[in-house]
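Here is what each chain is made of, one letter per residue.
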Amino acid sequence: MELHHLSLTMATSCFPYNASNLHYHRTNPISWSNIPTAHGMTMSNPKMKSHRSLFLVKARNRGADADADAETPAAAAVIEGPKLGRFQVSQGYPAPLGATPRDGGVNFAVYSANATSATLCLITLSDLDQQSSRVSEEIALDPIANQTGSVWHVFLKGDFKDVLYAYKFDGDFSPEQGHYFDSSRLLLDPYAKAVIRRGEFGALGPDGNRWPQMACMIPSFDDKFDWEGDLPLKYPQKDLIIYEMHVRGFTRHESSGTQFPGTYLGTVEKLDHLKELGVNCIELMPCHEFNELEYYSYNSVLGDYKVNFWGYSTVNYFSPMIRYSSVGTRNCGRDAVNELKLFIKEAHKRGIEVIMDVVFNHTAEGNENGPILSFRGADNSVYYMLAPKGEFYNYSGCGNTFNCNHPVVRQFIVDCLRYWVTEMHVDGFRFDLASIMTRGSSLWDAANVYGSPIEGDLLTTGTPLSSPPLIDLISNDPIVRGVKLIAEAWDTGGLYQVGTFPHWGIWSEWNGKYRDTVRQFIKGTDGFSGAFAECLCGSPNLYQDGGRKPWNSINFVCAHDGFTLEDLVTYNNKHNLANGEDNNDGESHNNSWNCGQEGEFVSISVKKLRKRQMRNFFLCLMVSQGVPMIYMGDEYGHTKGGNNNTYCHDNYINYFRWDKKEESSSDFFRFCCLVTKFRQECESLGLEDFPTAERLQWHGHAPGLPDWSETSRFVAFSLKDSVKGEIYVAFNASHLPVTISLPERPGHIWEPLIDTGKHAPYDVLSVDLPGRDIALRQYAHFFEANMYPMLSYSSIVLLLTPDVDA
């Protein structure tokens, strides 16, 4: 999520909930006569016997007849546990958190430090399907028998078929103190493994309700998935070529021809496309459960409805997005979970890793006007970063900020990451607005995040920490530290950490400076030749002093947020009117260039220049040290019509156009495939460390004479390669053509492989290209003179081959 991810309008008005509708709910005194006998404890468990004895004494002493007959029949406390409806209830265990099958039943454990009471609510699937919020059974948890520390727990045996669960918490409703307890509200378990409500993407609830009641899937011992021996691919990060993908957008367009468009299963049908492109790692845009109807509204510009398409507004972090599955809520969500597992397994079969884009910087509950769904109702003051009077800090730009460095919250995040690695087999994570995870937590008790007494000013919430506890915990976790960890190293509160993100030697970063520098140089802006050369080397100016390597830089020119590659060379200005916000949303500084004319309908010469520029950008990605990332659709030239903030469009604007990819005019796809293949074949284009003078030599128009002046628009280098021998790469970002002199290599001659100034298919002279020999002979006289002509705004790759005539 880029700094302009959500407009101010979205951040403040996307939630229909009105705080004035809330009511203060005072806790009723406990009526001990209504407590179920023995809470399911039996004489077979001696630990429970002693606990029960203490419990009975406390209960007696609270009654009006505390001094009456103290002889309470033991038999009343030692028969079998009571059954509420079809369930047998007993004390339960405080760990692990969540709903966990064990001992022939299910243990439920949930954290809330400030609630005065907790209730486990059981809901039938039929009630939920009938758009009802009815609760089948409520199991009140005893604060003595069913609470250990700040964890409420209970163990149930019975028939859980088609049964879901949720919680109710009671306590103070005092926003000024950070508490939003309301016993009338059903809340999701933060540790729920699937969240159920609507099975169809974009379908409203009853009476147009955008937030119909949700409930949690109860796991079972019968929940099985055949991984067929799937194991992590564990590619060295230096070898990755990442593809940023939106699951629904990838196959939702009718031209995909998939049986289940817009789903995990539909994406499986198209994985071979990525294999052809040369991608070996998918970075999935958010696939945690979110509510796409969050700011559902009619869009008069397009005549459709705005939705939360991107998904950067998490409802539950353990649950996959159910409405991305072809099966919806079938089998209480278990089948949807397995469908995502199938997608990951099939990707691995094709040699493709899967990275999750995770949004631990904020949740869908928004600011004080937002809905109470889960975290806020369970313990708002713990899960969110709050000011002393209960106001929400908004470093995310989306209404709230997750309290990442609170001890409970950081453990929650690590538990979640572990689950996705061990249970879902993901290969890593990209952390949206990761700089928020380096900020100090709210100080709602007498110790700061390190456990020391508070001294001086209490207003330290949000202060950037040099050694953030959460990043420390993730980086040293025995499971999570073994996967890919990528930070979007900035947030909307002005904290920009590209090159300085706390990394423990293993974190990588979305290199936003690479994007900005490459855009400036390729479009011909003066003063960027030296910075461009740094980008080609993996940005040592950012990462070398901190002990990191080129692969710690995730290089990208385009991503979901901002212009597509096609639009980057087509528009000088954003064209976001389709968003319905009068073009006020989105980033205004895009470092783009329309090549002389704005928009789609332009002269042939401008169209040709745009194609060259697209090839220049893509080639730059593939010959740079570091890890290249491609945005979905850029490989064929997808356009969003100049819209650089398409968060709200569930339509053709965001859909991958398979028909466009197949058109003969999509020669750009061939170019991309061949260039990625070239990168993979070269040993020198994915180095473990930054290149040195022993391997790399810089050139200008003449060999060995680079020009780093302010007016230079030419950068070239030669690179020794153990596979190719030596390669020569040059970028001419000038509006003038140039003839360059090449490095002399006695007994060898340079041979062209890539020239973005040439028309397809001669932009890449692959070995199987018809007429390749003729094309080579046309330039033989230049190479015999150790020279090569370059068009304006073009780039080349030459290979050193033996001179058979020498």
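Residues numbered from 1 in each chain as written. Predicted model: local features only at pLDDT ≥ 70, side-chain atom pairs only at ≥ 80, totals over all residues. Heavy atoms only, no water.

- By the naming in an unreviewed UniProt entry, the protein chain is isoamylase, taken from Trema orientale.
- Taken directly from UniProt, the Sequence similarities (unreviewed entry) text for the protein chain runs: "Belongs to the glycosyl hydrolase 13 family."
- Among the UniProt annotations of the protein chain, the heading Catalytic activity (unreviewed entry) holds the following wording: "Hydrolysis of (1->6)-alpha-D-glucosidic branch linkages in glycogen, amylopectin and their beta-limit dextrins." (UniProt positions renumbered as here; feature names shortened; annotations may be inferred.)

### A look at the environment of Met629
Right, so step 1: If you trace the backbone, Met629 turns up in strand β25 (residues 627-631).
Right, so step 2: On the accessibility criterion, Met629 (1% relative accessible area) is buried.
Right, so step 3: Residues in contact with Met629, not counting those within four places in the same chain, are Ile242, Glu244, Glu283, Trp510, Ile554, Asn555, Phe556, Cys558, Ala559 and Leu621. (Helix = DSSP H or I, 4+ residues; strand = E, 2+ residues; numbered from the N terminus. Buried < 20%, exposed > 50% of the residue type's maximum accessible area, 1.4 Å probe, protein only. Contact = heavy atoms within 4.5 Å.)

### A closer look at unusual backbone geometry
Right, so step 1: Here the residue pair Ala95 and Pro96 is connected by a cis peptide bond, since its omega of -5 degrees sits within 30 degrees of zero.
Right, so step 2: Mapped onto the elements, Pro96 comes out in the loop between β2 (87-90) and β3 (98-102).
Right, so step 3: Going from Ala760 to Pro761, the amide bond is cis rather than trans, its omega being 5 degrees.
Right, so step 4: A positive phi angle, near 50 degrees, is found at Asn591, a position not held by glycine.
Right, so step 5: Position of Asn591 among the secondary structure elements: in the loop between α15 (565-568) and α16 (604-623).
Right, so step 6: A positive phi angle, close to 45 degrees, is found at Tyr793, a residue other than glycine.
Right, so step 7: Locating Tyr793 in the fold gives a position in the loop between β31 (787-790) and β32 (794-802).

### Brief notes about the pattern of salt bridges
Right, so step 1: Across all of its chains, the model carries 39 salt bridges by this definition.
Right, so step 2: A salt bridge links Arg323 to Glu292; the shortest N-O distance between them is 3.0 Å. Taken together, the residues Arg323 in the loop between β19 (314-320) and α8 (334-349) and Glu292 in the loop between β16 (288-290) and β17 (297-299) connect sequence positions 31 residues apart. Neither Arg323 nor Glu292 differs from the other in exposure class; each is buried. (Salt bridge = Lys/Arg side-chain N within 4 Å of Asp/Glu carboxyl O.)

### Focus on empty space enclosed by the protein
Right, so step 1: Under the criterion given, the structure shown has eight cavities of 30 Å³ or more.
Right, so step 2: In this model, the second largest cavity occupies a volume close to 80 Å³.
Right, so step 3: Around the second largest cavity sit Val557, Cys558, Leu565, Phe617, Phe618, Leu621, Met629, Ile630, Tyr631 and Asp634, which together line it.
Right, so step 4: Residue assignment for the lining of the second largest cavity shows that the elements contributing at least two residues are α16 and β25.
Right, so step 5: Taken together, the residues that form the lining of the second largest cavity break down as nine nonpolar, no polar and one charged. (1 Å grid on protein atoms, 1.4 Å probe; cavity = no way out; pocket = protein on both sides within 12 Å on 5 of 7 lines; lining within 4 Å. Points joined across faces, edges and corners; volume = space filled by probe spheres on them. Nonpolar A, V, L, I, M, F, W, Y, C, P; charged D, E, K, R; others polar.)

### Some details on the packing of aromatic side chains
Right, so step 1: Counting across every chain of the model gives 58 aromatic pairs.
Right, so step 2: On the basis of an interplanar angle of 55 degrees and a centroid distance of 6.0 Å, the ring pair of Tyr317 and Phe375 is categorised as tilted. Linking Tyr317 in strand β19 with Phe375 in helix α9 (residues 375-383), this pair joins segments that are 58 residues apart in sequence. With respect to class, Tyr317 is no different from Phe375; both count as buried.
Right, so step 3: The ring centre of Phe318 lies 4.8 Å from the NZ or CZ of Lys193, which sits over that ring.
Right, so step 4: Over the ring of Tyr419 we find Lys193; its NZ or CZ atom is 5.5 Å from the centre of that ring. (Phe/Tyr/Trp six-rings, centres within 6.5 Å; stacked < 30°, edge-to-face > 60°. Lys NZ or Arg CZ within 6 Å of the ring centre and 35° of its normal.)

### Quick notes on helix α12 (residues 512-522)
Right, so step 1: In terms of burial, α12 is a largely internal element, nine of the eleven residues being buried.
Right, so step 2: Two or three places before Lys513, at the opening of α12, Asn511 has a side-chain oxygen 3.2 Å from that residue's backbone nitrogen.
Right, so step 3: A positive phi of about 95 degrees marks Gly524, the residue just after α12. (Polar contact = N/O pair within 3.5 Å; in protein donor to acceptor, adjacent residues only side chain to side chain.)

### With respect to helix α11 (residues 469-476)
Right, so step 1: The complete set of buried residues in α11 reads Pro469, Leu470, Ile471, Ile474 and Ser475.
Right, so step 2: Where α11 is buried, its residues meet α10 (407-422), β21 (428-431) and β22 (484-487).

### A few points about a nonpolar patch on the surface
Right, so step 1: Together, Val301, Leu302, Leu577 and Tyr652 line one region of the surface with nonpolar side chains, adding up to about 380 Å² of accessible area.
Right, so step 2: With respect to the helices and strands, Leu302 occurs in the loop between β17 and β18 (304-306). (Patch = residues over 30% accessible without salt bridge, like charges linked within 9 Å, V, L, I, M, F, W, Y side chains within 5 Å. Areas by Shrake-Rupley, 256 points an atom, 1.4 Å probe, with all protein chains shown as cover.)

### Concerning the nonpolar core
Right, so step 1: Counting residues in hydrophobic clusters, the biggest one holds 196 residues, and the most contacted among them are Phe108, Phe429 and Phe431.
Right, so step 2: Looking at which element gives the most residues to this core, the answer is α16, with ten residues.
Right, so step 3: Both of domain 1 (87-217) and domain 2 (692-802) provide at least three residues apiece to this core.
Right, so step 4: Sequence-distant contacts of Phe108, that is, excluding residues within four places in its chain, are made with Tyr93, Gly98, Ala99, Leu120, Trp152, His153, Val154, Leu156, Phe160, Tyr165, Tyr167 and Ile218.
Right, so step 5: By size, the runner-up hydrophobic cluster in this structure holds 14 residues, among which are Val738, Leu742, Met790 and Leu800. (Core = buried A, V, L, I, M, F, W, Y, C linked by side-chain atoms within 4.5 Å. Domains from an automatic or database assignment.)

### Here's the deal with the sheet that holds strand β15 (residues 281-284)
Right, so step 1: Overall, parallel pairing links the eight strands, which are arranged β14-β15-β20-β21-β22-β23-β24-β25 in a closed barrel. Looking at each pair of strands side by side, their axes are set apart by 25 degrees on average, direction ignored.
Right, so step 2: Note that strand β20 (residues 353-358) and β21 share four bridges and pair parallel. Bridge pairing in β21 places Ile355 opposite Gly428.
Right, so step 3: In the packing of α8 onto the sheet, contacts are made with β15 and β20, and the angle to β20 comes to roughly 140 degrees. (Pairing = 2+ DSSP bridges. Axes fitted to C-alpha atoms, helices over the stretch in contact; angles between N-to-C directions.)

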